[in-house]
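Read off the chains here:
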Amino acid sequence: MSNDDIERPAKTANQRGAARLAAVQALYQMDVGGTGVLEVVAEYETHRLGQELDGETYLKADASWFRSIVSGVVREQVRLDPLIGSALQDDWALSRLDSTVRAILRAGTFEILDRKDVPVPVIVTEYVEIAHAFFDEDEPKLVNAVLDRIAKQVRGETRK
């Protein structure tokens, strides 16, 4: 029996990690679909977080963490976007980024600014992992670099 024949259990995400992923998905949905924050939060809490939808079972997530990220990004977006923009390469505007990458960067930046109780390495690692869930190439590296720059600027520290 080879290693390929052994079925390994799926890595289970912690509830905050699941909340971060759901928040990124909700922010993306709001960005491309124009959905309002109250509507999207209610939809996720009622039909997605820990629920089954269209044959897919969503991970159980920390609903208050999810709400905090989504509502915080919406509330602080005028503060977040310039900070993210300043951390991008000179010739890149935030509006040129993929909507999913924008959602990831906004959520990660919000946590760096607002959740001083969460270590920078945890925040950066979680959002880089989320980027890996959607992208294979340069986007996870971009997320890592931008969030590291913002953390250094805001908290004076980077991911170790």
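For clarity, every value in this text was computed on a predicted model and none was experimentally measured.

(A) A look at the pattern of salt bridges. Applying the stated criterion across every chain yields a total of seven salt bridges. A salt bridge links Glu 76 to Arg 75, with the nearest nitrogen and oxygen atoms 3.5 Å apart. Residue Arg 75 is classed as exposed on the basis of its relative accessible area, which comes to 51%. A salt bridge links Arg 115 to Asp 117; its shortest N-O distance comes to 2.9 Å.

(B) The arrangement of the confidence of the model for the chain in detail. Averaged over every residue, the pLDDT of the chain is 81; the share at 70 or more is 79%. Element-level mean pLDDT values for the chain span from 54 in strand β1 (residues 52–53) up to 95 in helix α4 (residues 99–114). Confidence over residues 1–13 falls short of pLDDT 50; this stretch has three contacts with residues more than four positions distant or in other chains.

(C) Examining the packing of aromatic side chains more closely. Evaluated as defined, the whole model comprises zero aromatic pairs. A cation over an aromatic ring shows up here: Arg 16 above the ring of Trp 65, its NZ or CZ 3.8 Å from the ring centre.

(D) Highlighting the packing of α4 against helix α6 (residues 139–155). Closest axis-to-axis distance for the α4/α6 pair is 10 Å, and the angle between their directions is 25°. On the basis of the axis angle, α4 is roughly parallel to α6. The handedness of the crossing between α4 and α6 comes out as right-handed. Where α4 abuts α6, its residues Val 101, Ile 104, Leu 105, Gly 108, Thr 109, Glu 111, Ile 112 and Leu 113 lie against Glu 139, Leu 142, Val 143, Val 146, Leu 147, Ile 150, Ala 151, Val 154 and Arg 155. When the residues that make up the contact of α4 with α6 are grouped by side-chain class, the tally is 12 nonpolar, two polar and three charged.

(E) Seen up close, the environment of Asp 148. Mapping Asp 148 onto the fold places it in helix α6. Residue class for Asp 148 comes out buried when judged on its relative accessible area of 17%. Placed 25 residues apart in sequence, Asp 148 and Ile 123 show a C-alpha to C-alpha distance of 9.9 Å.

Rules of the game
Residues numbered from 1 in each chain as written. Predicted model: local features only at pLDDT ≥ 70, side-chain atom pairs only at ≥ 80, totals over all residues. Heavy atoms only, no water. Salt bridge = Lys/Arg side-chain N within 4 Å of Asp/Glu carboxyl O. Buried < 20%, exposed > 50% of the residue type's maximum accessible area, 1.4 Å probe, protein only. pLDDT = per-residue confidence, 0-100. Helix = DSSP H or I, 4+ residues; strand = E, 2+ residues; numbered from the N terminus. Contact = heavy atoms within 4.5 Å. Phe/Tyr/Trp six-rings, centres within 6.5 Å; stacked < 30°, edge-to-face > 60°. Lys NZ or Arg CZ within 6 Å of the ring centre and 35° of its normal. Axes fitted to C-alpha atoms, helices over the stretch in contact; angles between N-to-C directions. Parallel < 35°, antiparallel > 145°, perpendicular 65-115°, else oblique. Left-handed = near helix turned anticlockwise from the far one by under 90°. Nonpolar A, V, L, I, M, F, W, Y, C, P; charged D, E, K, R; others polar.

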